[in-house]
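# Structural overview for review
Letter by letter, the chains look like this.
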Amino acid sequence: MQTKPEIISFVGEWLWLGNLGQFFSVLMFVTAILSAVFYFRSERNQIVSESKLARTSFYIHAFSVVAVFVILFAIIFNHRFEYYYAWRHSSKSLPVYYMISCFWEGQEGSFLLWLFWNSIIGMILIRVSGKWERSTMAVVAFAQIALSSMLVGFHLGDFKIGSSPFDLLREQRPDFLQIPILGQLGVGNYLKVFTDGNGLNQLLQNYWMVIHPPTLFLGFSLAIVPFAYSIAGLWRKEDRSWINPALIWGLVCVGILGTGIIMGGFWAYESLSFGGYWAWDPVENASLLPWLIMAAAVHLLLISKNTGRHIFTSHLLVQLSFWLVLYATFLTRSGILGEASVHSFTDLGLSGQLLIFLLGFIYLSLVSTFSSEKSQNNMLTIAFIVVVVVIGLSYIIPTDKSTLSTVFHGVVKNGGIIVFLAIIVLFIFRLYKRTKTALGDEHLSSREFWMFMGSMFLILSLIQVFSGTSIPVFNKLFGYKTGIPVAADYNRVQLWMAMPIMALMAIGQYFSYRESDKKLILKHVIITFSVSLILTFLINLSFKIEGVNFIIFLFLAIWVIVANLLYVRSSAKSKVITWGASISHVGFGVLLVGVLVSSVNQKILTRSNEGIDMAPETNEKGQTDTKGMAFNRENRILYKNKPITVGNYTANYTHKIVGAGKDSIDKYFHVLFVNSQTKDSFYLTPKTQNNPKMGLLAEPSTKHYLSNDVFTHVNYESGMDKVEPYSGFKTSEVKVGESFTTESGKTKMTLRDIERFSSNLGVVLRLTVVADRLGDTTTIYPEFRINQESGAFESNPADNNELGLMLMIQNIKILDPDPSKQNIEFSIQSGEKTPVKDYIVLKIIQFPWINLVWAGTIIMLIGFCVAVLNRIKIQRNLAKA
Amino acid sequence: MKPLHIALLIIASLGVAAVVSLYGNTTQIVSFNGADSLAKENPNKEYHIYCKLNKAKPVQYDPQIDPNLLIFSAIDSLGTERMVKYLKPKPQDLERAEKMLIIGKSEGQYFHAETIFSKCPSKYEDTPVNATNK
């Protein structure tokens, strides 16, 4: 048979690798379905054999996830740029330790990471959950179906399910095969042209970016376990026994998610140039939402476990926390946040799928609240299918001006919102019916009352962050045009919201469950309150915080630390393992002190009122308005070797070093700081990279002291100025020892010396010219090269930007052939321009006590570990009993 | 009423207050002319404007005169042109931004930008920059 001429054979592709990857992608999807179905059936019908099948399916699923992970890594590692993912997110120059970061630059990789963590969690759950295995694993496997579906990459006509990381470059970007050079080489040889990838985002090439995303994702993944236990508890009609395991996993989740969030903050502080660790960026907020609610849920679980109260609220918060994880994923992965975020993600067209995913879990929550009445379940299932079909239709029916389309989309949108809200209300109502307890009133002096209050204040804080972060969603849904809140909008409110939480964190533990001795409580409150008041006063002698609201905040944070330390001391006979709550509360207090001091008392050392208003404005009365002069002058210019005084320091920009490698675009500006009091000195080396794709990327440099950080970053550098061409050319005839000037006469030059040496290209004459421009002097070396055989000559001009001077030898006249006399007359052309100074525009911020933020986080993490160990011990004892 | 219910009511009302205060403080995304007319009612409020750089006019930034002053001309989505004054160094990717969000006040001849977010097309889009025959 003859091959058709239009079939092109592509040279050098490793298609088998992608096919293998695609095979495992499908396998992981299929085994996730099998596992979910078998787990579900075995729980419902109590069949042991099916649970074995389910387990085997899950093992194969987990293996496939790892296989997909490994294959994708192999593609990146071997620079197989025929695969779109590798081409898009990596490049040949990428070091191996950053290759792992390619996984979280792309959506497919992120979902893969999530699948990976869920598989690990699933395997642990299989081992430790005992009788809960089938019910909880059914939920985990259900999540794996949804997540795997994001990666299978089925194409049904125009409709796409998921996006495969093994798609080929030439399929994703057929336009690349049209580039002219392939006309000569032949399209089949396209890999000879596409020899390097697009590269990883520079901002991700940072060691914190290797560990921050996986930690955050692990936190996100862990949220599924308490959710699964809550669903399982409802399903199996078990009142309270789901609570302790849910609590353990919830604590792990809060600890790890919190660590992941703070790591992100540390990354921002170390490598972004906004000058801080938290900017209330929508993506940061999206990760904060699940943390806040999980922290509240953990406290509710504690109450429920110890008193049997608030089981409804426990269920509700645990389930909401997982919904919020999905919502956060939707926010960050659908591209809806688009503008106004330092993070940015492209929309892969998966937002519809993400929505169905979110709705699917809400449906699961809803079903779990119904008892076994079949008719109700069936009705729900039908209703859910209708919703999914309508969403699908809304993607298929185009939005054009036709009446059908307008009516349909109007109905879908408004109807959808109403149905969604109705489902939520129905869920809460059903859940309440199922889980309400008939216990009497709780005592005002009980621990559970105040712990409940504290959790509600956490929810209050959550509501504010949620409303602000969701504005882009509301804009899209209702066609509003509301701007996204700025950091100040959050800070203003959150400052007050944290206060009741802190007060309750301070005194909460002194209350006993059910009822406490009021006199004892009062005694403790008075002691810790007075100690903290005195401490606040003493500490603020050094902090010097002003403003009543900030001082109250400082006092409360110190109260949290003092009260929890004294609580540990008062119960010193108890074992360390029971101190988890106190330790993590102390850590949180330390963190808040750090947050307060480092932000309220941060000092912009480069703030000044210098500068000339180039565009003075006149107000209505005709007076010159100098308002602009007063604020925001936060950067100063540093000329090379011209030190300036900033706060306690003199800062001197001494030199710059261009990064290693011929094509390096990294510049490190060395700035020497000398403390005028202690004479202590250090160099900071803020970096810039004038990235052809992303513009100027500035990486700050920070000196860490125990009590404060000196943070610098370059906002502009002289290399970014537009280069002015030389002009005012003038030719002078000069001999050694003679002087000459430029056309303007501003620069005076003297020819000092001639060097003569031979190279393989001929004889080279190198002149030493000392130039003086209005007092600034420098030496430059123009060269002239003569090929003795051919007689051809070549001039090698020399220039100096800082002097604005260029010299070029145009011709030579040898007056005396004896080389030792050096009697030669040169005609030298000089050119002039405005001198370009070597300078940087620098911002220097002093952050006092920022180390408390990191220290607090570590203490908090230790507290969580202790609490988790304690809960595991309790669970073991329960199992024995 | 039980104390728990009273406390919950208080918290719920605080929640409503927080949300109302947040939305009360957020501003509308407007045009330059919109910002002008709104500024007459509420001169201290900042507005969000989507616009793009007017490349026909020079971007004025000379750090040797003032490192904290940038003046440029911008065109909003309705086509209105306006001079923008920004008392900070020039954002890294101003010239290459295809669209930007500026937040600030309209005062006198200038729009005083407090914050500029620029969105670069090249940042996340694929360009075959490496497609060179080596």
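Residues numbered from 1 in each chain as written. Chains lettered and ligands numbered in written order. Predicted model: local features only at pLDDT ≥ 70, side-chain atom pairs only at ≥ 80, totals over all residues. Heavy atoms only, no water.

Bringing the overall build of chain A into the picture now. Along its length, chain A carries 26 helices and 25 strands. Along the first, second and third principal axes, the C-alpha atoms of chain A reach 115 × 95 × 60 Å. Evaluated residue by residue, chain A yields a buried proportion of 55% over its 881 residues. Expressed as a percentage of contacts within chain A between residues at least 6 apart in sequence, the contacts between residues at least 24 apart total 69%. Computed over 74 positive and 60 negative side-chain charges, the separation of the two mean positions in chain A equals 13 Å. (Helix = DSSP H or I, 4+ residues; strand = E, 2+ residues; numbered from the N terminus. Buried < 20%, exposed > 50% of the residue type's maximum accessible area, 1.4 Å probe, protein only. Contact = heavy atoms within 4.5 Å. Lys, Arg positive; Asp, Glu negative; His and termini not counted. Charge placed at Lys NZ, Arg CZ, Asp CG, Glu CD.)

It is worth spelling out helix H11 (residues 207-222) of chain A at this point. Residues and elements named next belong to chain A. With 16 residues, H11 should reach 22 Å at 1.5 Å per residue; the first-to-last C-alpha distance of 24 Å fits that figure. Across the 16 residues of H11, 14 count as buried, placing the element largely inside the fold. Of the residues flanking the start of H11, the one acting as N-cap is Asn206, its side-chain oxygen 2.7 Å from the backbone nitrogen of Trp208. (Expected span 1.5 Å × (residues − 1). Polar contact = N/O pair within 3.5 Å; in protein donor to acceptor, adjacent residues only side chain to side chain.)

Here the focus is the domain arrangement of chain A. Residues and elements named next belong to chain A. Looking at chain A, the domain boundaries give domain 1 (6-200), domain 2 (207-348 + 440-478), domain 3 (349-439), domain 4 (491-604), domain 5 (633-721 + 840-848) and domain 6 (727-831). On the domain 3 side, the residues contacting the 26 residues of domain 2 number 25 residues. A combined buried area of about 2,400 Å² lies between domain 2 and domain 3, and 76% of that area is made up of carbon and sulfur atoms. Three residues stand out in domain 2 for area buried against domain 3, namely Leu234, Phe312 and Trp323, and they jointly supply 29% of the buried area on that side. Linking domain 2 to domain 3 there are zero salt bridges. On the surface where domain 2 and domain 3 come into contact, there are three residue pairs in polar contact (both at pLDDT 80 or more). Counting only elements with at least two residues in the side of domain 2 that touches domain 3, the list comes to helix H12 (224-235), helix H15 (311-333) and helix H20 (471-478). It is H15 that provides the largest number of residues to the side of domain 2 that touches domain 3, a total of 12 residues. (Domains from an automatic or database assignment. Buried area = accessible area lost by both parts, 1.4 Å probe. Salt bridge = Lys/Arg side-chain N within 4 Å of Asp/Glu carboxyl O.)

Before going further, it helps to examine the sheet that holds strand S22 (residues 798-800) of chain A. Residues and elements named next belong to chain A. The sheet built from four strands is open, its strands ordered S15-S24-S23-S22 with antiparallel pairing. Looking at strand neighbours, the two that pair on one side only are strand S15 (727-734) and S22, the edges of this open sheet. Put simply, the sheet's adjacent strands are angled 20° from each other on average, direction ignored. Of the pairings in the sheet, the one linking strand S23 (residues 805-814) to strand S24 (residues 824-832) comprises nine bridges and is antiparallel in character. Pairing of Leu805 across the sheet is with Glu832, part of S24. (Pairing = 2+ DSSP bridges. Axes fitted to C-alpha atoms, helices over the stretch in contact; angles between N-to-C directions.)

Moving on: the side chain of Thr80(B). All names here are of chain B. Along the chain, Thr80 falls in the loop between strand S3 (70-76) and strand S4 (81-86). Judged by its relative accessible area of 19%, Thr80 falls in the buried class. A polar contact of 3.5 Å, which involves the side chain of Thr80, links it to the side chain of Asn33. Leave out the neighbours within four places in its chain, and Thr80 touches Phe32, Asn33, Ala74 and Ile75.

This part covers the environment of Ile8(A). Residues and elements named next belong to chain A. Relative to the elements of secondary structure, Ile8 occurs in the segment before helix H1 (15-45). A C-alpha to C-alpha distance of 45 Å links Ile8 and Val658, two positions 650 residues apart in sequence. Other than its neighbours up to four places away in sequence, Ile8 contacts Val187 and Gly188.

Residues and elements named next belong to chain A. Sheet analysis places strand S18 (residues 762-773) next to strand S20 (residues 783-786), joined by four bridges and oriented antiparallel. Each bridged residue has a counterpart across the sheet, and for Arg766 the counterpart in S20 is Glu783. Note that S20 and strand S21 (residues 793-796) share four bridges and pair antiparallel. Each bridged residue has a counterpart across the sheet, and for Glu783 the counterpart in S21 is Asn796. Where S20 hands over to S21, the hairpin turn is made up of six residues, of which Gly791 adopts a positive phi near 80°.

Residue and element names in this part refer to chain A. Tracing the backbone through its elements, the reader meets Lys305 in helix H14 (residues 282-307). Owing to a relative accessible area of 21%, Lys305 belongs among the partly exposed residues under this scheme. The sequence separation of Lys305 and Val386 amounts to 81 residues, and the corresponding C-alpha distance is 39 Å. If we ignore the near neighbours within four places in the chain, the residues touching Lys305 are Arg240, Ile243, Asn244, Leu247, Arg871 and Ile874.

All names here are of chain B. Tallied over the entire structure, the rule returns 23 salt bridges over all chains. The shortest N-O distance in the salt bridge between Arg82 and Asp36 comes to 3.0 Å. One end of the pair, Arg82, is in strand S4; the other, Asp36, is in helix H2 (residues 32-41), with 46 residues separating them in the sequence. Classification of Arg82 as buried rests on a relative accessible area of 11%.

Centre distance and the angle of the planes are the two values used to describe a pair of aromatic rings. One pass over the full model with this rule turns up 53 aromatic pairs over all chains. An aromatic cluster is present here, built from Tyr207(A), Trp208(A), Phe266(A), Tyr269(A), Tyr277(A), Phe711(A), Phe847(A) and Trp854(A) joined pairwise through their rings. The lysine or arginine in question, Arg236(A), covers the ring of Trp132(A), its NZ or CZ lying 5.1 Å from the ring centre. The ring centre of Tyr110(B) lies 5.1 Å from the NZ or CZ of Lys85(B), which sits over that ring. (Phe/Tyr/Trp six-rings, centres within 6.5 Å; stacked < 30°, edge-to-face > 60°. Lys NZ or Arg CZ within 6 Å of the ring centre and 35° of its normal.)

Across chain A, pLDDT averages 86, with 92% of residues at or above 70. Across residues 340-345 of chain A, where pLDDT falls below 50, the model places 21 contacts with residues more than four positions away in sequence or in other chains. (pLDDT = per-residue confidence, 0-100.)

Bringing the pairing of strand S9 (residues 666-675) of chain A into the picture now. Residues and elements named next belong to chain A. Here strand S8 (residues 649-658) runs beside S9; their pairing, made up of nine bridges, is antiparallel. Within the sheet, the bridge partner assigned to Tyr649 lies in S9 and is Asn675. Here S9 pairs with strand S11 (residues 687-691) via three bridges, running antiparallel. Of the residues in S11, the one forming a bridge with Tyr668 is Lys687. Across four bridges, the pairing between S9 and strand S10 (residues 681-684) is antiparallel. Directly across from Val674, in S10, lies its bridge partner Ser681. Between S9 and S10, which pair antiparallel and follow one another directly, the connecting turn spans five residues, one of which, Lys679, has a positive phi of 65°.

Quick look at the side chain of Thr136(A) now. Residues and elements named next belong to chain A. Relative to the helices and strands, Thr136 resides in helix H7 (residues 133-152). Within the local environment of Thr136, its side chain forms a polar contact with the backbone oxygen of Glu133, the two atoms lying 3.4 Å apart. Not counting residues up to four positions away in its chain, the partners in contact with Thr136 are Leu125, Ser129, Ala228, Tyr229 and Ala232.

The next subject is the nonpolar core. Phe227(A), Trp291(A), Met502(A) and Val593(A) are the most contacted members of the largest nonpolar core, which has 208 residues in total. It is H14(A) that contributes the most residues to this core, 16 residues altogether. Leave out the neighbours within four places in its chain, and Phe227(A) touches Val139(A), Val318(A), Gln319(A), Phe322(A), Trp323(A), Phe361(A), Leu364(A) and Ser365(A). In terms of nonpolar packing, the next biggest core, distinct from the first, is built from 23 residues, Ile637(A), Val841(A), Ala35(B) and Ile49(B) among them. (Core = buried A, V, L, I, M, F, W, Y, C linked by side-chain atoms within 4.5 Å.)

To continue, consider H7(A). Residue and element names in this part refer to chain A. Along its 20 residues, H7 runs 27 Å from first to last C-alpha, staying within 8% of the 28 Å computed at 1.5 Å per residue. Of all 20 residues that make up H7, 19 are buried, and the element is covered over most of its length. Positive backbone phi, approximately 70°, marks Gly153, located one or two places after H7.

This part takes up the environment of Ala86(A). For Ala86(A), the position within the fold is in helix H3 (residues 84-89). Between the alpha carbons of Ala86(A) and Ala74(A) there is a distance of 9.8 Å; along the sequence they are 12 residues apart.

All names here are of chain A. In the contact formed by helix H13 (residues 243-271) and H14, the axes pass within 9 Å of each other and the chain directions differ by 150°. Taken together, the axes of H13 and H14 are roughly antiparallel relative to one another. In terms of crossing hand, the pair formed by H13 and H14 is left-handed. Residue-level contacts link Ile243, Asn244, Ala246, Leu247, Gly250, Leu251, Cys253, Val254, Leu257, Gly258 and Ile261 of H13 to Ser287, Leu288, Pro290, Trp291, Met294, Ala295, Val298, Leu301, Leu302, Ser304 and Lys305 of H14. Considering only residue class, the contact of H13 with H14 consists of 16 nonpolar, five polar and one charged. (Parallel < 35°, antiparallel > 145°, perpendicular 65-115°, else oblique. Left-handed = near helix turned anticlockwise from the far one by under 90°. Nonpolar A, V, L, I, M, F, W, Y, C, P; charged D, E, K, R; others polar.)

This next bit is on the packing of helix H19 (residues 447-469) of chain A against H20(A). All names here are of chain A. The geometry of H19 relative to H20 is characterised by a closest axis approach of 5 Å and an angle of 50° between their N-to-C directions. By the angle between their axes, H19 is oblique relative to H20. Contacts between H19 and H20 pair Ser467, Gly468 and Thr469 from the former with Ile471, Pro472 and Phe474 from the latter. Class assignment of the residues belonging to the contact of H19 with H20 gives a composition of three nonpolar, three polar and no charged.

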